[in-house]
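# Inside the fold
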Amino acid sequence: MNEPDRPQRPSLAFFTRLFGQSFIVVWGAFWLFALFSLISWSPALEHYCSGVAGCRSGLAEVALVGVISSLVGMAVCFFTRHRTAYSPARHASLPWLVLAVVAAVTVGSVPILMP
């Protein structure tokens, strides 16, 4: 007698990948919120940037780099999900590698874009 096919439960690699991708989304949402905060230009930012030429544009550019790099990171995770499906370790670790690159690009842009 054959055993009926049981549905497969999601693996640890699936949840690790999902958790990594959610961190990329949170990273992008943080910088998107920062970009919208710069658009409204609060008094706290006015105090922070007082007497510094180009402070507001530098902060906006860094926030824009954070948003764009996280969008690119999510696209990389989305388009490579089938290529890594047969290797659980690679499938689980790719979003964390992408998150590290996204964070490095964003943080690395600070000394370049800020005055």
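Preceding this paragraph is the structure being described.
What counts and how
- Residues numbered from 1 in each chain as written.
- Predicted model: local features only at pLDDT ≥ 70, side-chain atom pairs only at ≥ 80, totals over all residues.
- Heavy atoms only, no water.
- Axes fitted to C-alpha atoms, helices over the stretch in contact; angles between N-to-C directions.
- Helix = DSSP H or I, 4+ residues; strand = E, 2+ residues; numbered from the N terminus.
- Parallel < 35°, antiparallel > 145°, perpendicular 65-115°, else oblique.
- Left-handed = near helix turned anticlockwise from the far one by under 90°.
- Contact = heavy atoms within 4.5 Å.
- Nonpolar A, V, L, I, M, F, W, Y, C, P; charged D, E, K, R; others polar.
- Core = buried A, V, L, I, M, F, W, Y, C linked by side-chain atoms within 4.5 Å.
- Buried < 20%, exposed > 50% of the residue type's maximum accessible area, 1.4 Å probe, protein only.
- Expected span 1.5 Å × (residues − 1).
- Phe/Tyr/Trp six-rings, centres within 6.5 Å; stacked < 30°, edge-to-face > 60°.

## So, the packing of helix H1 (residues 12-40) against helix H3 (residues 55-79)
At a closest axis distance of 8 Å, the pairing of H1 and H3 adopts a crossing angle of 155°. It follows that H1 is roughly antiparallel to H3 by the angle criterion. Both H1 and H3 take part in a crossing whose hand is left-handed. Contact residues: Arg 17, Gln 21, Ile 24, Val 25, Trp 27, Gly 28, Trp 31, Leu 32, Ala 34, Leu 35, Leu 38 and Ile 39 in H1; Arg 56, Leu 59, Ala 60, Val 62, Ala 63, Leu 64, Gly 66, Val 67, Ser 70, Met 74 and Cys 77 in H3. Looking at the contact of H1 with H3 residue by residue, the classes come out as 17 nonpolar, four polar and two charged.

## Focus on the nonpolar core
Formed by Trp 31, Leu 35, Leu 38, Trp 41, Leu 45, Cys 49, Cys 55, Leu 59, Val 62, Ala 63, Val 67 and Met 114, the largest nonpolar core amounts to twelve residues. Taken together, the elements giving at least two residues each to this core come down to H1 and H3. No other element matches H3, which puts five residues into this core. In this structure, Trp 41 is in contact with Glu 46, Cys 49 and Arg 56, ignoring residues within four places of it in sequence. Counting six residues, the second largest nonpolar core, distinct from the first, contains Cys 77, Leu 94, Val 98 and Leu 99.

## Comments concerning H1
Side chains of residues three or four places apart in an α-helix project in the same direction, reflecting 3.6 residues per turn. In this model H1 runs 42 Å from its N-terminal to its C-terminal C-alpha over 29 residues, within 8% of the 42 Å that 1.5 Å per residue would give. For H1, the complete set of buried residues consists of Ala 13, Arg 17, Gly 20, Gln 21, Ile 24, Gly 28, Trp 31, Leu 35 and Leu 38. Among the structural elements, helix H2 (43-48), H3 and helix H4 (88-113) are those in contact with the buried residues of H1.

## Regarding the packing of aromatic side chains
Summed over the entire model, instances satisfying the criterion amount to seven aromatic pairs. Centre to centre, the rings of Phe 19 and Trp 96 are 5.9 Å apart; their planes meet at 50°, and the pair counts as tilted. With Phe 19 in helix H1 and Trp 96 in helix H4, this pair connects stretches of sequence that are 77 residues apart. Judged by its relative accessible area of 48%, Phe 19 is partly exposed.

## Details of the environment of Ala 89
Relative to the helices and strands, Ala 89 is located in helix H4. A C-alpha to C-alpha distance of 9.7 Å links Ala 89 and Thr 16, two positions 73 residues apart in sequence.

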